[in-house]
Amino acid sequence: EVLLHPTAAAPRLLRKSDIVQSLYIRSQFQRRGFGRAAMSYAQSQCDQLRLWVFQSDRRAQGFYRSLGFQVVETSDGQDNDYNLPDMMLCWRQAHG
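Residues numbered from 1 in each chain as written. Predicted model: local features only at pLDDT ≥ 70, side-chain atom pairs only at ≥ 80, totals over all residues. Heavy atoms only, no water.

1. As for the packing of aromatic side chains
The description of an aromatic ring pair rests on the distance of the ring centres and on the angle between the ring planes.
Here is step 1 of the chain: Under the defined criterion, the tally for this structure stands at four aromatic pairs.
Here is step 2 of the chain: When the ring of Phe54 is compared with that of Tyr82, the centres are 5.7 Å apart and the planes differ by 80°; the resulting orientation is edge-to-face. Placement of Phe54 in strand S4 (residues 48-54) and of Tyr82 in the loop between strand S5 (70-75) and strand S6 (86-92) is noted, with a sequence separation of 28 residues between them.
Here is step 3 of the chain: Taking relative accessible area as the criterion, Phe54 reaches 27% and is therefore assigned partly exposed.
Here is step 4 of the chain: Tyr82 sits in the exposed class, given a relative accessible area of 59%.
Here is step 5 of the chain: Consider the rings of Phe63 and Tyr64, whose centres lie 5.0 Å apart with planes at 65°: the pair is edge-to-face.
Here is step 6 of the chain: On the basis of relative accessible area, Phe63 is assigned to the partly exposed category, the value being 22%.
Here is step 7 of the chain: Of the aromatic side chains, those joined through ring pairs into one cluster are Phe63, Tyr64 and Phe69. (Phe/Tyr/Trp six-rings, centres within 6.5 Å; stacked < 30°, edge-to-face > 60°. Helix = DSSP H or I, 4+ residues; strand = E, 2+ residues; numbered from the N terminus. Buried < 20%, exposed > 50% of the residue type's maximum accessible area, 1.4 Å probe, protein only.)

2. With respect to the environment of Ala94
Here is step 1 of the chain: The residue Ala94 is located in the segment after S6 in this model.
Here is step 2 of the chain: Separated by 46 residues in sequence, Ala94 and Gln48 place their C-alpha atoms 9.6 Å apart.

3. Digging into the packing of helix H1 (residues 34-45) against helix H2 (residues 58-66)
Here is step 1 of the chain: One way to put it is that H1 packs onto H2 with a least axis distance of 11 Å and a crossing angle of 50°. Taken as axis vectors, H1 and H2 run oblique relative to one another. Between H1 and H2 the crossing geometry is right-handed. Contacts from Gly35, Arg36 and Met39 in H1 reach Phe63, Tyr64 and Ser66 in H2.
Here is step 2 of the chain: Broken down by class, the residue content of the contact of H1 with H2 amounts to three nonpolar, two polar and one charged. (Axes fitted to C-alpha atoms, helices over the stretch in contact; angles between N-to-C directions. Parallel < 35°, antiparallel > 145°, perpendicular 65-115°, else oblique. Left-handed = near helix turned anticlockwise from the far one by under 90°. Contact = heavy atoms within 4.5 Å. Nonpolar A, V, L, I, M, F, W, Y, C, P; charged D, E, K, R; others polar.)

4. Concerning the pairing of S4
Here is step 1 of the chain: Burial of S4 is one-sided: the residues Leu49, Leu51 and Val53 facing one way are buried, the residues Gln48, Arg50, Trp52 and Phe54 facing the other way are not.
Here is step 2 of the chain: Across seven bridges, the pairing between S4 and S6 is antiparallel. Considered in S6, the bridge of Leu51 is made with Leu89. (Pairing = 2+ DSSP bridges.)

5. Some points on the environment of Gln93
Here is step 1 of the chain: Examined against the element boundaries, Gln93 turns out to sit in the segment after S6.
Here is step 2 of the chain: According to the relative accessible area criterion, Gln93 is partly exposed, its value standing at 31%.
Here is step 3 of the chain: For the pair Gln93 and Ser44, spaced 49 residues apart in the sequence, the C-alpha separation amounts to 8.7 Å.
Here is step 4 of the chain: Sequence-distant contacts of Gln93, defined by excluding residues within four places in its chain, comprise Gln43, Cys46 and Asp47.

6. Here we look at the pattern of salt bridges
Here is step 1 of the chain: Inspection of every chain in the model, using the stated rule, returns one salt bridge.
Here is step 2 of the chain: A salt bridge links Asp18 to Arg50, with the shortest nitrogen-to-oxygen separation between them at 3.0 Å. Of this pair, Asp18 sits in the loop between strand S2 (12-16) and strand S3 (19-24) while Arg50 sits in strand S4, and the two are 32 residues apart along the sequence. (Salt bridge = Lys/Arg side-chain N within 4 Å of Asp/Glu carboxyl O.)

These results come straight from atomic positions and should not be treated as a statement about function.
Below, the structure written as structure tokens:
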């Protein structure tokens, strides 16, 4: 499911069920709140979201952690296309 389609500035967020498959922001529009807006919209549509990031991508980890995501699994990268260590992060809607 494409939640937001890339126009000149808009992010592209691809989600299948509760898994965020990709979030793409054109480089000239990064760090301007577009990614946060896309993820906030996705969070408003789901009780839980999961996604994978590379262990070396500290910037992405910080971004997702600032949105409430937590590491739930790590991998040596054997199962991803790049054979790079990665981690699954999960966010759950707070209830009550």
